[in-house]
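Summary of the model geometry
Spelled out from the first residue to the last, the chains are:
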Amino acid sequence: MTARIRALIALAGTVVLLAGGCSSQAAGGAHSGQHPAGPGDDNAPANMSDMPGMGGSAGPSGNAGTSPGPGLPGMPPLLDPHDVYAADRPGAFSPVVKDDPVRVYVPNLGSDSVSVIDPATFKVIQTVHVGGGPQHVVPSWDLRTLWVNDNTGNALVPVDPATGTFGKPIAVDDPYNLYFTPDGRYAMVMSEARHKIVFRDPHTMAISHELTVGCAGVNHADFSPDGRYFIATCEFSGDLIKIDVQRQEVIGQLHLSGQHPMPQDIKISPDGSTWYVADMHTSGVWVLDGDQFKVRTFIPTGAGAHGLYVSRDSRYLYIANRGEGSVSLLEFATGQLVAKWRIPGGGSPDMGGVSADGTVLWLSGRYNGEVYALSTADGHLLARIKVGTQPHGLCVWPQPGRYSLGHTGILR
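Notes on the structure follow. Nothing here was measured: the structure is a model prediction, and the numbers come from that model. (Residues numbered from 1 in each chain as written. Predicted model: local features only at pLDDT ≥ 70, side-chain atom pairs only at ≥ 80, totals over all residues. Heavy atoms only, no water.)

1. Some details on the pairing of strand β15 (residues 239-244)
Among the six residues that make up β15, six are buried, leaving the element largely enclosed by the rest of the structure. Alternating residues of β15 divide into Asp 239, Ile 241 and Ile 243 and Leu 240, Lys 242 and Asp 244, and every residue in both groups is buried. As paired strands, strand β14 (residues 229-234) and β15 are joined by six bridges and run antiparallel to one another. Residue Cys 234 lies in a different strand from β15, and its bridge partner there is Asp 239. Between β14 and β15, which pair antiparallel in sequence order, lie four residues; one of them, Gly 238, sits at a positive phi of approximately 70°. (Buried < 20%, exposed > 50% of the residue type's maximum accessible area, 1.4 Å probe, protein only. Helix = DSSP H or I, 4+ residues; strand = E, 2+ residues; numbered from the N terminus. Pairing = 2+ DSSP bridges.)

2. Quick look at the pattern of salt bridges
Opposite charge on two side chains makes pairing possible when the charged atoms of those side chains draw close. Tallying each qualifying case throughout the model produces 14 salt bridges. Put simply, Lys 98 and Asp 99 hold a salt bridge, and the shortest N to O gap is 3.2 Å. The partner of Arg 366 in a salt bridge is Asp 350, and the shortest N-O contact between them spans 3.4 Å. On the criterion of sequence distance, the pair formed by Arg 366 in the loop between β26 (360-365) and β27 (370-375) and Asp 350 in strand β25 (residues 349-354) is long-range, its members being 16 residues apart. Accessibility expressed as a relative area gives 0% for Asp 350, which makes it buried. Beyond isolated ion pairs, a larger network of salt bridges with shared partners links Asp 244, Arg 247 and Glu 249. (Salt bridge = Lys/Arg side-chain N within 4 Å of Asp/Glu carboxyl O.)

3. Notes on the nonpolar core
Within the largest apolar cluster, 27 residues are counted, with the highest numbers of intra-cluster contacts made by Ile 231, Leu 240, Tyr 276 and Leu 317. Looking at this core, the elements that each hand over two or more residues are β14, β17 (263-268), β18 (275-279), β19 (284-289), β21 (305-310) and β22 (316-321). The contact partners of Tyr 276, leaving out residues within four places of it in the chain, are Asp 265, Ile 266, Lys 267, Ser 269, Val 285, Trp 286, Val 287, Leu 308, Leu 317, Leu 330, Phe 332 and Gly 335. Counting 23 residues, the second-largest nonpolar core is a separate cluster that includes Met 75, Ile 241, Tyr 403 and Ile 410. (Core = buried A, V, L, I, M, F, W, Y, C linked by side-chain atoms within 4.5 Å. Contact = heavy atoms within 4.5 Å.)

Put into structure tokens, the structure is as follows:
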């Protein structure tokens with residue numbers, strides 16, 4: 001790590017304490033697990049000022065505003081035009097997954113392995129070596145495969161969720177994260193270190209189109225209700241980019257305000273009118289108008305805001321605050337924070353998902369080598385499960401829904 005990067009991280013840590021409403025528990029303590037770097041910090045460029053988007057570039061010119069329209073051709077229509085998550089209710093399983101064994105798949109970035117947890121017993125029942133640096137476990141669009149993103153091993157490892165069998169790796173360059181277009185035509189590899197989004201065949205992973213982006217650290221995304229555009233976060237340059245799905249082109253770029261913003265996960269509200277972007281260094285969520293591609297406001301949530309997950313009843317957004325070992329609850333109807341759950345003894349809640357019945361929030365403990373199971377009734381800790389080193393984008397499976405847009409399970 002260069003002296004410049006160390007200086008930036010030190011400055012960002014100060015911003016977290018001053019701007020993020022960080023409590024004394026979050027700032028210190030033997031169990032706080034606070035680490036200022038983001039989910040892809042292992043891939044951080046040596047000199048961030050030399051990367052695209054770090055020199056003051058405004059990105060693509062022109063108006064990035066879009067108007068809602070008919071759904072992307074080939075995309076299954078929404079079950080409810082007022083709730084993009086209407087297909088995700090407890091028990092609403094696709095016939096494809098209804099008989100799959102219930103498991104939690106945990107990629108251990110630092111151990112080059114995947115831990116498999118039986119949620120009925122809160123026990124690790126299997127640990128599988130997968131190569132190098134697994135980042136996320138991602139359900140395929142057709143729900144038939146779970147893909148282990150073996151980032152530094154430059155491969156996607158297929159898992160048959162019906163049997164739990166790990167298959168032969170497919171060579172894919174720099175697969176930090178993985179998404180699928182809403183029509184199921186393309187897989188989208190978020191090639192963070194290469195500054196690209198690579199559109200591929202969703203089964204063979206053969207390359208169709210490489211889209212170079214003018215920002216650093218592109219890694220998380222979500223899609224508009226009509227499926228015609230998605231917004232992706234660029235962790236290292238503090239940017240958001242808006243991409244037209246059919247044209248596979250960047251149509252807008254927006255730099256977040258503040259000192260070294262570091263956007264992470266992104267989620268759209270059930271009614272599709274509002275987007276929420278977790279910012280680890282600014283310690284909260286940016287509230288965005290996606291159609292107009294403009295920031296409305298910022299909500300402080302806690303140190304190291306990171307992963308974003310929607311409750312099964314579409315009422316709440318769970319916000320994992322990795323730097324202070326807590327989870328904030330935002331109520332969609334009011335746009336207000338209504339609760340904060342703290343992990344006893346601290347922790348580093350990162351990425352994860354909600355159980356199929358909606359009663360448990362599962363999160364990896366990135367810097368504690370553990371997984372947390374939290375009751376969604378009141379946030380109390382149900383289990384703390386030891387896994388490998390640096391667990392990251394865990395996937396709860398099966399999940400209700402008709403098709404997957406990627407990440408650890410964005411189903412619609």
